[in-house]
Every structure is written in structure tokens, then in C-alpha cells.
Amino acid sequence: MTLHASHDAGSLVLTQGRLILREQLPGEAALLADGKPGTLTWIDGVPGEGTMSAASMTVAAASAGVYRPGWGLFAIQRADDLIAVGGVGFHGPPDRGSVEIGYDLSESGRGQGWATDAARALCQWALGQPDVVLVLATTEPGNRASQAVLERIGFVRVANRGDLWAYELRLMPV
């Protein structure tokens with residue numbers, strides 16, 4: 001499926017099939033970090049805890065002067081009604097050719113393939129950038145749902161990082 005990238009009011013917007021990933025710039029991320037919906041309509045009224053945590057990372061990066069547009073948090077929206085069902089994003093900009101991703105779904109958005117679709121689209125975009133050759137992700141050993149997301153995309157478990165399982169993706173499966 002074709003991935004389309006565009007910009008809307010300075011935010012990177014990635015569209016693929018039923019999915020829109022809308023970058024949350026630091027000002028918008030600050031609202032999400034506080035548990036507020038910001039300019040989005042959320043399936044459960046407000047963003048989930050993981051999305052709030054990721055939004056805090058974007059705010060902290062901006063405060064430290066290291067935020068790079070395109071390499072933070074994206075809201076996962078359903079293309080048909082623009083309802084936000086979760087968040088997906090990078091833990092920071094590329095570092096020596098690699099980026100790390102994370103994702104979180106609101107409770108009512110789970111079990112419908114949104115995390116897989118969102119993470120796949122984000123990985124496809126990242127691996128299309130000239131300074132990225134590797135996408136990383138980690139899960140807790142007991143988080144089978146997250147591991148299934150990574151496996152469906154083509155990630156391979158490579159190691160343990162402390163109490164986490166580490167995964168890598170170098171190429172998007174055809």
C-alpha cells in the first residue's frame with residue numbers, strides 16, 4: 001500500500017489506507033502530555049498513558065533544544081472520521097543510522113490492527129529517509145500483543161536489553 005507524506009500547518013502527515021499519522025509538534029504535545037485532547041478528538045476522550053508519556057518526551061526534547069521535526073510523536077487517526085485511537089513515534093532523531101519506535105493505543109482502539117498499521121507506516125517512512133538503516137523497538141517479555149505487532153511488520157528479536165526484549169527491522173518486507 002502506498003504511503004503518502006505531506007505537511008499540514010508545519011506538521012508531517014503520513015497517510016496510508018485507513019490510517020493518518022499526524023505529527024504532534026511540541027505545543028500540541030504539551031497538551032497531550034497533560035492528558036488534554038488538544039485539537040484532536042480521541043476515541044476515549046483523552047490520549048492514553050503511553051501517548052501522554054511520549055508527548056512528554058517531545059516536550060522535553062524541545063525544551064532541551066534537541067527536538068527535530070518529523071522525529072517525535074504522531075497521533076494515529078482513522079482516515080474515515082479523524083478520530084485519534086493512539087500514538088506512535090520515535091524516541092528521538094536518527095543516531096548512527098538507527099531510530100527507535102514506540103506505540104500506544106487507547107483502550108477502545110485495541111484489537112483492530114491500528115498499532116500494526118501505524119508502526120508499519122512509520123517504519124516505512126523512516127527507512128525511506130537517507131539517514132536511517134535500522135529501526136529498533138523493545139517490549140516487555142509479557143507484552144505478547146506488542147510482540148505480535150512487531151512480528152507482523154517483520155521485526156526480528158535480537159537480544160535482551162535489561163528487562164526488555166529488543167527487536168530490529170532493516171528492510172520492509174515486500
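It should be emphasised that the depicted structure is a prediction, and the values quoted were computed from it without experimental measurement.

Some remarks on the overall build of the chain
Part 1 of the argument: A count of helical and extended segments in the chain gives four helices and ten strands.
Part 2 of the argument: If you list the helices and strands of the chain from N to C, you get β-β-β-α-β-α-β-β-β-α-β-α-β-β.
Part 3 of the argument: Compactness check: the chain gives a C-alpha radius of gyration of 15 Å against a globular reference of 16 Å for 174 residues, within 12% of the reference.
Part 4 of the argument: Principal axes of the C-alpha set define a box for the chain whose edges measure 40 × 35 × 35 Å.
Part 5 of the argument: Considering the chain as a whole, with its 174 residues, one finds that 45% of them fall into the buried category.
Part 6 of the argument: In the structure as shown, the chain presents an accessible area of about 8,400 Å², 53% of it carried by carbon and sulfur atoms.
Part 7 of the argument: Side chains of the chain give 13 positive and 18 negative charges; the mean places of these two sets differ by 5 Å.

A short note on the layout of surface pockets
Part 1 of the argument: Estimates place the volume of the largest pocket at around 600 Å³.
Part 2 of the argument: In this structure, the largest pocket is lined by 27 residues; those nearest its centre are Gly102, Tyr103, Asp104, Thr138 and Ser146.
Part 3 of the argument: Ranked by the residues each element gives to the lining of the largest pocket, the list is headed by helix H2 (residues 49-63), at six residues.
Part 4 of the argument: In terms of residue class, the lining of the largest pocket is made up of eleven nonpolar, 13 polar and three charged.

As for the pairing of strand S5 (residues 73-78)
Each regular strand shows side chains that alternate between the opposite faces of the sheet.
Part 1 of the argument: Counting buried positions over the six residues of S5 gives six, a clear majority of the element.
Part 2 of the argument: Alternating residues of S5 divide into Leu73, Ala75 and Gln77 and Phe74, Ile76 and Arg78, and every residue in both groups is buried.
Part 3 of the argument: Here five bridges tie strand S3 (residues 19-23) to S5, and the two strands are oriented antiparallel to one another. Within S5, the residue paired with Glu23 across the bridge is Phe74.
Part 4 of the argument: As judged from the five bridges shared by S5 and strand S6 (residues 83-90), these two strands associate in the antiparallel manner. Pairing of Leu73 across the sheet is with Gly89, part of S6.
Part 5 of the argument: Between S5 and S6, which follow one another and run antiparallel, lie four residues, and Leu82 among them has a positive phi close to 65°.

A look at the side chain of Gln77
Part 1 of the argument: You can see Gln77 is positioned in strand S5.
Part 2 of the argument: Here the side chain of Gln77 touches Arg22 through a polar contact of 2.8 Å, side chain to side chain.
Part 3 of the argument: Setting aside chain neighbours within four positions, we find Gln77 in contact with Arg18, Leu19, Ile20, Arg22, Leu40, Leu82, Ile83, Ala84 and Trp114.

Some details on the packing of helix H3 (residues 114-127) against helix H4 (residues 144-153)
Part 1 of the argument: As a packed pair, H3 and H4 sit with axes 9 Å apart at the nearest point and diverge in direction by 45°. It follows from the interaxial angle that H3 and H4 lie oblique. Read as a crossing pair, H3 and H4 show a hand that is right-handed. Residues Ala115, Thr116, Ala119 and Arg120 of H3 pack against Val149, Arg152 and Ile153 of H4.
Part 2 of the argument: When the residues that make up the contact of H3 with H4 are grouped by side-chain class, the tally is four nonpolar, one polar and two charged.

What to know about the pattern of salt bridges
Pairing between side chains becomes possible if they bear opposite charge and their charged atoms approach one another.
Part 1 of the argument: Within this structure, the stated rule accounts for nine salt bridges.
Part 2 of the argument: Its salt-bridge partner being Asp8, residue Arg22 comes within 3.0 Å of it at the nearest N-O pair. One end of the pair, Arg22, is in strand S3; the other, Asp8, is in strand S1 (residues 4-8), with 14 residues separating them in the sequence.
Part 3 of the argument: Between Glu151 and Arg144 there is a salt bridge whose closest N-O contact spans 3.0 Å.
Part 4 of the argument: Classification of Glu151 by relative accessible area gives partly exposed; the value is 38%.
Part 5 of the argument: Overall, the relative accessible area of 47% leaves Arg144 in the partly exposed class.
Part 6 of the argument: Among the ionic contacts, a cluster of salt bridges with common partners joins Arg18, Asp117 and Arg120.

Conventions used here
- Residues numbered from 1 in each chain as written.
- Predicted model: local features only at pLDDT ≥ 70, side-chain atom pairs only at ≥ 80, totals over all residues.
- Heavy atoms only, no water.
- Helix = DSSP H or I, 4+ residues; strand = E, 2+ residues; numbered from the N terminus.
- Rg over C-alpha atoms; globule rule 2.2 N^0.38 Å.
- Buried < 20%, exposed > 50% of the residue type's maximum accessible area, 1.4 Å probe, protein only.
- Areas by Shrake-Rupley, 256 points an atom, 1.4 Å probe, with all protein chains shown as cover.
- Lys, Arg positive; Asp, Glu negative; His and termini not counted.
- Charge placed at Lys NZ, Arg CZ, Asp CG, Glu CD.
- 1 Å grid on protein atoms, 1.4 Å probe; cavity = no way out; pocket = protein on both sides within 12 Å on 5 of 7 lines; lining within 4 Å.
- Points joined across faces, edges and corners; volume = space filled by probe spheres on them.
- Nonpolar A, V, L, I, M, F, W, Y, C, P; charged D, E, K, R; others polar.
- Pairing = 2+ DSSP bridges.
- Polar contact = N/O pair within 3.5 Å; in protein donor to acceptor, adjacent residues only side chain to side chain.
- Contact = heavy atoms within 4.5 Å.
- Axes fitted to C-alpha atoms, helices over the stretch in contact; angles between N-to-C directions.
- Parallel < 35°, antiparallel > 145°, perpendicular 65-115°, else oblique.
- Left-handed = near helix turned anticlockwise from the far one by under 90°.
- Salt bridge = Lys/Arg side-chain N within 4 Å of Asp/Glu carboxyl O.

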